[in-house]
Amino acid sequence: MSGRAAPPPSVLAVYAHPDDESLVAGGILARHAAAGARTAVVTATWAADSHRARELTDALRILGAGTPRMLGYADLHVPASAPGRPRFRDAPLAEAVERVVAHVRDFRPDVIVTHDALGSSGHPDHVHTHDVALLASHAAGFGELYPRAGPPWQPTALYLSTHPESAAAVLAGLVAGVGKRLHTVPDAMVSAAVDVRPWVDRKWDAIRAHRSEAARGRSLPALLGTLSAQDREAVLGTEYFIRHDLVPARRGLRELTV
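In this numbering scheme, every chain counts its residues from 1 along its sequence in written order. Thresholds applied to this predicted model are a pLDDT of at least 70 for local features of residues and 80 or more for the giving and counting of side-chain atom pairs; totals over whole chains, interfaces and linings are not thresholded and use all residues. To obtain the side-chain values, all non-hydrogen atoms of the structure were included, while hydrogens and water were left out.

Right, let's get into the pairing of strand β7 (residues 238-245). With 6 bridges joining them, strand β5 (residues 157-162) and β7 adopt antiparallel strand pairing. In the sheet register, Ala157 faces β7, and the bridge partner there is Asp245. For two strands to be treated as a pair, DSSP must find at least two bridges joining them. Numbering goes from the N terminus for both helices and strands, where a helix is a DSSP run of H or I of at least four residues and a strand is a run of E of at least two. Pairing of strand β6 (residues 192-195) with β7 involves 4 bridges; the strand directions are antiparallel. Along β7, the bridge assignment pairs Val194 with Glu239.

Right, here's the structure in full:
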């Protein structure tokens with residue numbers, strides 16, 4: 001036995017909008033990058049030449065997650081986010097799945113992280129991203145499916161960003177103040193609670209890199225900015241996930257909880 005620690009798993013995050021990755025998975029992206037893991041982010045909406053894409057570039061640089069991988073569909077509520085492109089929810093499902101499969105096969109991650117089925121805020125783009133990422137995480141391992149998307153690759157697990165009922169009071173109250181709702185799950189559904197407090201400053205810097213969102217008073221980045229540093233760490237310092245195994249864990253592979 002060599003006694004060497006197992007390498008950290010590579011992580012591919014798949015989220016709906018620029019800033020989603022920083023808000024709910026910025027800590028694990030920073031943590032895994034700092035440990036030497038490969039990390040990357042696929043974003044479903046907004047054009048690659050938009051101001052949101054430039055902000056995403058800055059956020060991913062802070063998190064150590066490479067350069068944006070953007071599908072370039074339009075945000076459901078902001079058609080101008082991708083002029084001439086369909087809204088993400090209106091694009092053919094097979095097309096969207098194939099495009100995510102291509103990123104999975106190109107990056108070859110150990111794990112994928114994405115929205116849970118409730119989409120945190122219930123935003124339809126979040127829910128649709130969950131559906132597409134779930135299908136893609138399975139399809140990527142079958143060479144007969146989407147053969148133009150590259151050689152097959154099967155991630156080990158899919159982790160769904162979520163909010164347990166017992167730990168959501170501050171965040172739920174924050175969004176309720178602007179007429180929004182946080183969708184939570186029973187604590188028993190949560191598979192992993194990841195302490196990211198050592199990386200919370202980097203996570204907060206990445207959130208603030210989404211400058212146009214931080215400037216909108218009703219956005220979550222703006223609302224988080226109204227909290228004290230202590231309360232903000234309480235909200236951002238732990239990230240919660242529901243794990244779905246895709247194949248038996250590979251020997252020596254560390255999970256997100258380690």
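Anyway, onward from the coordinates.
This part is about the packing of aromatic side chains. We call Phe, Tyr and Trp rings a pair once their centres come within 6.5 Å, taking the six-membered ring for Trp, and we label the pair stacked below 30 degrees between planes, edge-to-face above 60, and tilted otherwise. Applying the stated criterion to the full structure yields 2 aromatic pairs. Taken together, a centroid distance of 5.4 Å and an interplanar angle of 35 degrees make the contact between Tyr73 and Phe88 tilted. In this pair, Tyr73 sits in strand β3 (residues 69-73) while Phe88 sits in the loop between β3 and α3 (93-107), placing the two residues 15 residues apart along the sequence. Phe88 shares its class with Tyr73; the two are buried. Plain terms: the ring middles of Tyr159 and Phe241 are 6.1 Å apart, the flat faces sit at 90 degrees to each other, and that makes the pair edge-to-face. Buried, partly exposed and exposed residues are distinguished by accessible area as a fraction of the type maximum, computed with a 1.4 Å probe on protein chains only: under 20%, between the cut-offs, and over 50%, respectively.

By secondary structure assignment, the location of Glu213 is in helix α7 (residues 211-214). Looking at Glu213, the relative accessible area reads 11%, which means it is buried. A polar side-chain atom of Glu213 sits 3.5 Å from a polar atom in the side chain of Arg52. The contact rule is simple, with two residues in contact once any of their heavy atoms fall within 4.5 Å. For Glu213, the residues in contact, after removing those within four places along its chain, are Asp19, Arg52, Ser219, Pro221 and Ala222. For the purposes of these results, a polar contact is taken to be a pair of N or O atoms within 3.5 Å, where, inside protein, one atom must be able to donate a hydrogen and its partner to accept one; residues adjacent in sequence count only when each atom of the pair is a side-chain atom.

Within the open sheet, the 7 strands sit side by side as β3-β2-β1-β4-β5-β7-β6. Their pairing is mixed. Pairing within the sheet leaves two strands with one partner each, and these edge strands are β3 and β6. Taken over all neighbouring pairs, the strand axes of this sheet differ in orientation by 25 degrees on average, direction set aside. Of the strands in this sheet, β1 (11-15), β2 (39-45), β4 (111-115), β5, β6 and β7 are in contact with helix α1 (residues 20-34), which crosses β1 at around 175 degrees. Every angle, taken between N-to-C directions, lies between 0 and 180 degrees, and every axis is a line fitted to C-alpha atoms, over only the stretch in contact when it is a helix.

Turning to unusual backbone geometry, a few remarks are in order. Most peptide bonds take the trans configuration, and most residues that are not glycine carry a negative phi. One non-glycine residue, Asp19, adopts positive backbone phi at about 105 degrees. Residue position: Asp19 is located in the loop between β1 and α1. Of note, Tyr146 is a non-glycine position whose phi angle comes to about 50 degrees, a positive value. Along the chain, Tyr146 turns up in the loop between α4 (124-139) and β5. For Tyr146, a relative accessible area of 22% gives the class partly exposed.

Turning our attention to the environment of Phe107. Here Phe107 is to be found in helix α3. On the basis of relative accessibility, which here comes to 9%, the residue Phe107 falls in the buried class. When the C-alpha atoms of Phe107 and His163 are compared, they prove to be 28 Å apart, with 56 residues separating the residues in sequence.

The subject of this paragraph is the packing of α1 against helix α6 (residues 200-208). Their axes nearest at 9 Å, the elements α1 and α6 cross at an angle of 130 degrees. When the interaxial angle is binned, α1 and α6 end up oblique. Once α1 is placed against α6, the crossing between them reads as right-handed. Counting all contacts with α1, which are made through Ser22, Leu23, Gly26, Gly27, Ala30 and Ala34, the residues of α6 involved are Arg202, Lys203, Ala206 and Ile207. Any angle that falls under 35 degrees is termed roughly parallel, while one over 145 is termed roughly antiparallel, one within 65 to 115 roughly perpendicular, and all others oblique. By convention, the crossing between two helices is left-handed when the near helix turns anticlockwise from the far helix through less than a right angle, and right-handed when the turn is clockwise.

A separate point is the pattern of salt bridges. The term salt bridge refers to a side-chain nitrogen of Lys or Arg lying within 4 Å of a carboxyl oxygen of Asp or Glu. Scanning the model with the defined rule gives 12 salt bridges in all. Glu98 is the salt-bridge partner of Arg148, the closest N and O atoms lying 3.5 Å from each other. In this pair, Arg148 sits in the loop between α4 and β5 while Glu98 sits in helix α3, placing the two residues 50 residues apart along the sequence. With a relative accessible area of 18%, Glu98 lands in the buried category. By sharing partners, the salt bridges in this structure join Arg52, Glu55, Glu213 and Arg216 into a single network.

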